[in-house]
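Each chain is listed here by its residues.
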Amino acid sequence: MSVKGKAIIFDLDGTLLDTLRDLGEAMNAVLREHGFSVHPIEAYRYFVGEGVEQMVRRTLPEEYRSRDTVGRLVNKMREEYARRWTDNTRAYPGVAEMLDELERRSLPKAVLSNKPHNFTVEMTKKMLGAWSFVAIRGLTPETPRKPDPATALEIAREMEIPPSEIVLVGDTGVDMQTANAAGMYAAGVLWGFRDAAELLEAGARSLLAAPHELFDLLERGNTDGA
């Protein structure tokens, strides 16, 4: 499949925003409060990416991953994160300039995250409010989480652009799987939470080492073989 990207769908955590420290510190506070061992912040690179429930489950010892325990800690995590998510979270270097250039080119853009929808919307508006997004979508009880392509395809319909002409940009294998399942172009970023090996194994067609490299991809037009 070749593509001349006419729109961009971005993941949020690890792609536009560096949220790792706030996520890790919030979850560690919850674990500590409930008598569980905490984890190094770097370990959260592999705990996050598939929603808060999966993150909580991964941080717990296997014998404590019952539905009740996970559910209780999910609620606590949401409360704790709501108190501290602005402490350290910032856009990655180069993201502001990238978004400026996308607006200058009038290319539609959207955000698609496995973070709860309310956090996704609030964080995008607070941290990235200087730029316009056609859609901002997070996880709700009614929507399937990535890598299910349903919400990505819903955004494509809202943009009125064929999926084959949309570049989906993310930092995890889940994002790459989502792009391929939706028939979009999968572009993996190397400044986020995961590494090149995971992205390529999950079907990344291009890897971006810095935000400005998105424009190299777009300007090639025909990205087959990238």
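Since this is a predicted model, take the numbers as computed values, not measurements. (Residues numbered from 1 in each chain as written. Predicted model: local features only at pLDDT ≥ 70, side-chain atom pairs only at ≥ 80, totals over all residues. Heavy atoms only, no water.)

## Re the overall build of the chain
Stage number 1. Across its full length, the chain holds 9 helices and 8 strands.
Stage number 2. Here the C-alpha radius of gyration of the chain, 17 Å, is about what a compact globule of 226 residues would show, namely 17 Å.
Stage number 3. Judged by the C-alpha coordinates and their principal axes, the chain covers about 55 × 35 × 30 Å.
Stage number 4. Sequence separation of at least 24 residues holds for 64% of the intrachain contacts in the chain that already meet a minimum separation of 6.
Stage number 5. Counting every atom, the chain has about 10100 Å² of accessible surface; 48% of that belongs to carbon and sulfur.
Stage number 6. Once the 28 positive and 35 negative side-chain charges of the chain are each reduced to a mean point, those two points are 2 Å apart. (Helix = DSSP H or I, 4+ residues; strand = E, 2+ residues; numbered from the N terminus. Rg over C-alpha atoms; globule rule 2.2 N^0.38 Å. Contact = heavy atoms within 4.5 Å. Areas by Shrake-Rupley, 256 points an atom, 1.4 Å probe, with all protein chains shown as cover. Lys, Arg positive; Asp, Glu negative; His and termini not counted. Charge placed at Lys NZ, Arg CZ, Asp CG, Glu CD.)

## A look at the sheet that holds strand β4 (residues 109-116)
Pairing between sheet strands relies on hydrogen bonds along the backbone, with the strands arranged either parallel or antiparallel.
Stage number 1. Strand order in the open sheet formed by 6 strands is β5-β4-β1-β6-β7-β8, and the pairing between neighbours is parallel. Two strands bound the open sheet, and with one partner strand each, they are β5 (135-139) and β8 (206-208). Between one strand axis and the next, the sheet turns by 25° as a mean value, whatever way the strands run.
Stage number 2. The sheet contacts of helix α9 (residues 213-220) involve β1 (7-10), β6 (166-170), β7 (185-189) and β8, and relative to β8 the element is tilted by about 150°. (Pairing = 2+ DSSP bridges. Axes fitted to C-alpha atoms, helices over the stretch in contact; angles between N-to-C directions.)

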